[in-house]
Amino acid sequence: LVSTVPLPLPASDYVLVSALLDEDGVRAVREAIIIRERSIREGRAPAGMEGSGEADSARGDITRYLGASLAMLEGIRALRQVEAGQDWEGLLVPILDRLDEAGLLFDRARALGDLRERSRDGGIPLPGARLLFLHARTSGVERPSFVLMSLAGGPVRDPGGKALGSDFVVLLLAPPRTSPETQAILNEMSVSLLDPQTSETLLSADEAAIRAYYARSLDRYIRSAPAQGA
């Protein structure tokens, strides 16, 4: 297991490398492979893989949550200066255009239609009013994405024509069907938007900082979620 973020596992169970894989990271991966191959040749289970019953079940739960968490972290983006028109359609269309340019969409037309249908109520203004939350289930994406967009060209108006004070949009898109672990992670990220600290991090519009913030947040969640049967 190779990760670019710290995981709630023993250090011997995975290799931590930089997202921009450098020589040290390559060396660490090679050394881990050598150690694993040696233990297999000697008939020993790789470190951290012994055990059965409840221990194996708990490890399986953590592994599934980790997979869902890492997929969400990979889907985090911060897109700056999205040119938005002054009506609702003028907001949705450029948002989807930028997502398509970023390679986050499988079917732009389907994603736009589903988001248009889901956001008839104008989305959810988050505490502080500068952030507007939009979300949709759509077959227009193959994997979940969590995108912060800073708007340019406002003021944006909701579907009823009322001016919105929001100058950032938080957009959460997910396929119609997801695993229970992915759904739990999606729910956790949605609930986190009510936290002032989350809003502060999002308003920085710093993609690396947002990803690091959620890496820590989801790490804490994963440590408790399987035990709680989330």
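Sequence positions are assigned chain by chain, starting from 1 and proceeding in written order. In keeping with the predicted nature of the model, local features appear solely for residues at pLDDT of at least 70, side-chain atom pairs appear and are counted solely at 80 or more, and the whole-chain, interface and lining totals rest on all residues. The side-chain figures draw on all heavy atoms in the structure; neither hydrogens nor water molecules are used.

S.K.: What's the story with the overall build of the chain in this structure? I'm lost.
M.R.: Per the secondary structure count, the chain includes 7 helices and 7 strands. Helix and strand labels come from DSSP, where a helix needs a run of H or I of at least four residues and a strand needs a run of E of at least two; each type is numbered from the N terminus. Listing each helix as α and each strand as β along the chain from the N terminus yields β-β-α-α-β-α-α-β-β-β-β-α-α-α. Among the 230 residues that make up the chain, the fraction classed as buried is 41%. In this analysis, two residues are considered to be in contact whenever any of their non-hydrogen atoms come within 4.5 Å of each other. Taking the contacts inside the chain whose residues are at least 6 apart along the sequence as the reference set, 66% of them involve residues at least 24 apart. Computed with a 1.4 Å probe, the accessible areas rest on the Shrake-Rupley method; for each residue, only the protein chains presented here act as cover. Counting only carbon and sulfur atoms, one obtains 52% of the accessible surface of the chain, whose full area is about 12400 Å². Only protein chains enter the area calculation, which uses a 1.4 Å probe; residues under 20% of their type maximum are buried, those over 50% are exposed, and those in between are partly exposed.

S.K.: Sorry, what's going on with the confidence of the model for the chain here?
M.R.: Predictor confidence is given residue by residue as pLDDT, running from a minimum of 0 to a maximum of 100. The pLDDT averaged across the chain works out to 82; a share of 84% of its residues lies at or above 70. Ranking the elements of the chain by mean pLDDT puts helix H2 (residues 54-74) last, at 75, and helix H4 (residues 108-118) first, at 95. Below pLDDT 50 for its whole length, residues 46-55 participates in 10 contacts with residues either more than four positions away or in separate chains. Confidence drops under pLDDT 50 across residues 226-230; counting only partners more than four residues distant or on other chains, this segment forms 6 contacts.

S.K.: Where do I start with the side chain of Ser69 in this structure?
M.R.: Along the polypeptide, Ser69 turns up in helix H2. Non-local contacts of Ser69, meaning those with residues more than four positions away in its chain, are made with Ile185, Leu218 and Ile222.

S.K.: Help me out: how do you make sense of the side chain of Asp158 in this one?
M.R.: The topology assignment puts Asp158 in the loop between strand E6 (145-152) and strand E7 (168-174). Here Asp158 occupies a buried position and makes no salt bridge, while the nearest side chain of opposite charge, Lys162, is found at 5.9 Å. A distance of 2.8 Å separates the side chain of Asp158 from the backbone nitrogen of Gly160, its partner in a polar contact. Here Asp158 is in contact with Trp88 and Leu164, once residues within four sequence places are set aside. Within this scheme the basic residues Lys and Arg register as positive and the acidic residues Asp and Glu register as negative, but His and the chain ends are omitted. The working definition used for a salt bridge is a side-chain nitrogen of Lys or Arg within 4 Å of a carboxyl oxygen of Asp or Glu. What qualifies as a polar contact is a pair of N or O atoms within 3.5 Å, subject to a donor-acceptor requirement within protein and to the restriction that residues adjacent in sequence count only when both atoms come from side chains.

S.K.: Mind showing me how you'd approach the sheet that holds E7 here?
M.R.: Where strands meet in a sheet, backbone hydrogen bonds hold them as pairs that are either parallel or antiparallel. The 5 strands are arranged E3-E6-E7-E5-E4 in an open sheet whose pairing can be described as mixed. The strands lining the two open edges of the sheet, one partner per strand, are strand E3 (76-83) and strand E4 (124-125). A fitted line through C-alpha atoms represents every axis, and for helices the fit uses only the stretch in contact; the resulting angles, taken between N-to-C directions, go from 0 to 180 degrees. Taken strand by strand, helix H3 (residues 88-101) contacts E3, strand E5 (131-137), E6 and E7, and its axis lies near 130° from that of E3. Packing of helix H6 (residues 196-203) onto the sheet brings it into contact with E5, E6 and E7, and relative to E5 it is tilted by some 95°. Strand pairing is assigned whenever DSSP detects at least two bridges linking the two strands.

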